[in-house]
Amino acid sequence: MEPTSEKLSPFDLVAAILKGVKLDGSDGSPEAGRSAVVALLMENRDLVMVLTTSVAVLIGCVVVLAWRRGSAKKKPVEPPKLVLPKAAPEPEEVDDGKKKVSVFFGTQTGTAEGFAKAFVEEAKARYQQKRFVLDDEEYEEKLKKETLAFFFLASYGDGEPTDNAARFYKWFTEGKERGDWLKNLQYGIFGLGNRQYEHFNKIAIVVDNIMAEQGGKRLVSVGLGDDDQCIEDDFFAWRELVWPELDTLLRDEDDATVATPYTAAVLEYRVVFHDQADGSILESSLANGHANGNAVYDAQHPCRANVAVRKELHAPASDRSCTHLEFDISGTGLAYETGDHVGVYCENLIETVEEAERLLNLPPETYFSIHTDKEDGTPLSGSSLPPPFPPCSLRTALTRYADLLSSPRRYAD
Ligand SMILES: Cc1cc2nc3c(=O)[nH]c(=O)nc-3n(C[C@H](O)[C@H](O)[C@H](O)COP(=O)(O)O)c2cc1C
């Protein structure tokens with residue numbers, strides 16, 4: 001039988017390359033096949049060029065994709081940076097002829113900062129020709145030049161200042177720099193505390209007393225906010241005493257007469273969800289980060305210690321109770337001296353945590369981190385405080401870091 005003489009089309013060529021089949025020439029011999037292919041390649045040089053370029057680009061893309069996937073897997077999840085609080089930078093001070101009012105806050109968990117911000121916003125709306133500046137750090141030099149200032153000061157521990165107000169409190173109460181400047185100062189103080197503590201609102205009271213003793217003029221009596229009741233109501237009541245006083249000092253005819261409604265400063269965070277594998281590695285590395293004995297334990301990195309001794313100090317006949325506890329801190333590198341403080345981190349009951357997970361409708365092994373900055377590193381408009389807890393699973397966040405049983409603040413959304 002005569003072999004059929006068939007010319008190979010470009011389509012045959014491509015199909016052959018893709019399928020990896022052998023091409024035979026019209027006489028069936030491999031040599032004839034090869035020369036047919038060569039002739040075809042020469043005839044379709046353009047197509048061959050396009051083909052080879054496409055294949056090269058395709059291979060390039062696959063290589064880049066594989067490399068990026070590989071490196072993405074290896075990249076560890078970064079815990080949010082613990083940066084010391086700093087409020088959004090105020091623009092450079094310019095003397096624009098407006099009367100300036102400075103507002104300072106000492107906060108540990110954000111309440112005083114929220115009140116200070118709400119106060120500034122409302123005051124700005126009421127007295128439009130005045131400048132209200134929120135300030136938490138640069139007080140040493142600035143305060144001496146102020147004539148009108150407000151302070152929102154929380155008390156902690158045995159009546160101690162918050163971390164961000166500690167330097168101010170020391171500077172102010174040690175008194176080396178007090179002077180005539182206080183005589184030019186009119187001020188208002190709102191304290192944040194809790195009556196359950198022995199030194200209720202100590203910081204606000206001490207600062208208020210020293211200011212008044214040194215010649216500062218109180219615009220209103222010191223507000224004593226009580227977190228055991230509704231501290232927001234205490235803030236509103238104090239604020240209503242402040243406005244009439246400020247009206248006489250600051251009010252211009254064209255200032256707004258309508259007060260802006262109070263909006264609770266709800267802290268804003270960026271939430272990043274992590275792969276389960278990455279998240280659990282990160283969480284266990286944080287939990288075990290101190291196992292090597294080199295790391296330092298602190299309030300952010302608590303140490304797990306067993307109760308070694310527990311005894312009741314009152315006699316059985318007594319109607320009172322006082323428990324003596326001893327913690328075993330051997331091998332932790334920690335030391336304790338009389339007078340040191342021990343903070344105890346409580347965990348919520350598992351039943352409560354499971355109920356919260358059910359209400360959130362999220363699996364317990366959802367890993368996430370919260371951040372106070374945007375993806376490009378610029379701060380979010382929320383708090384000046386660092387994130388309240390490290391990256392972890394939803395189960396850990398609800399167990400260790402969330403207050404699940406207290407009623408939310410009245411004005412929180
Ligand atoms: C650990 C701890 C210690 C506290 N110590 C005191 C205290 O000694 N005196 C007081 O009046 N309030 C005390 N408080 C209550 C806080 O001052 C109060 O909750 C306040 O609203 C917190 O404000 P912040 O969110 O701006 O930090 C304490 C609260 C906590 C959690």
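Residues numbered from 1 in each chain as written. Predicted model: local features only at pLDDT ≥ 70, side-chain atom pairs only at ≥ 80, totals over all residues. Heavy atoms only, no water.

A. Local environment of the nonpolar core. In this structure, Phe119, Phe150, Phe152, Trp238 and Leu246 are the most contacted members of the largest nonpolar core, which totals 27 residues. Sorting the residues of this core by element identifies β1 (99–106), α4 (111–126), β3 (148–156), β5 (186–193) and α8 (231–250) as the ones contributing at least two each. Per element, the largest residue contribution to this core is 8 residues, and it comes from α8. Discounting chain neighbours no more than four positions away, the residues touching Phe119 are Val103, Phe150, Phe152, Phe235, Trp238, Arg239, Val242, Trp243 and Leu246. Counting 19 residues, the second largest nonpolar core, distinct from the first, contains Leu153, Trp181, Leu182 and Ala204. (Core = buried A, V, L, I, M, F, W, Y, C linked by side-chain atoms within 4.5 Å. Buried < 20%, exposed > 50% of the residue type's maximum accessible area, 1.4 Å probe, protein only. Helix = DSSP H or I, 4+ residues; strand = E, 2+ residues; numbered from the N terminus. Contact = heavy atoms within 4.5 Å.)

B. Expanded view of the packing of helix α6 (residues 166–174) against helix α7 (residues 202–213). It is the contact of α6 with α7, at a shortest axis distance of 10 Å, that shows an interaxial angle of 35°. For the crossing formed where α6 meets α7, the hand is left-handed. Residues Phe168, Tyr169, Phe172 and Thr173 of α6 form the contact with α7, whose participating residues are Lys202, Ile203, Val206, Val207, Ile210 and Met211. Partitioned by chemical class, the residues of the contact of α6 with α7 number 8 nonpolar, 1 polar and 1 charged. (Axes fitted to C-alpha atoms, helices over the stretch in contact; angles between N-to-C directions. Left-handed = near helix turned anticlockwise from the far one by under 90°. Nonpolar A, V, L, I, M, F, W, Y, C, P; charged D, E, K, R; others polar.)

C. Quick peek at the side chain of Asn201. By secondary structure assignment, the location of Asn201 is in the loop between β5 and α7. A relative accessible area of 0% means that Asn201 is categorised as buried. Side-chain polar atoms of Asn201 contact the backbone nitrogen of Gly193, separated by 3.4 Å. Not counting residues up to four positions away in its chain, the partners in contact with Asn201 are Leu153, Ser155, Gly191, Leu192, Gly193, Leu224 and Gly225. (Polar contact = N/O pair within 3.5 Å; in protein donor to acceptor, adjacent residues only side chain to side chain.)

D. Spatial organisation of the packing of aromatic side chains. Under the defined criterion, the tally for this structure stands at 22 aromatic pairs. Judged by centre distance (6.3 Å) and plane angle (55°), the ring pair of Tyr127 and Trp243 falls under tilted. Residue Tyr127 is found in the loop between α4 and β2 (130–135), and its partner Trp243 is found in helix α8; the two are separated by 116 residues along the sequence. Exposure class is identical for Tyr127 and Trp243. Each is buried. Connected via pairs of aromatic rings, a cluster forms that spans Phe115, Phe119, Tyr127, Phe150, Phe152, Phe190, Phe235, Phe236, Trp238 and Trp243. (Phe/Tyr/Trp six-rings, centres within 6.5 Å; stacked < 30°, edge-to-face > 60°.)

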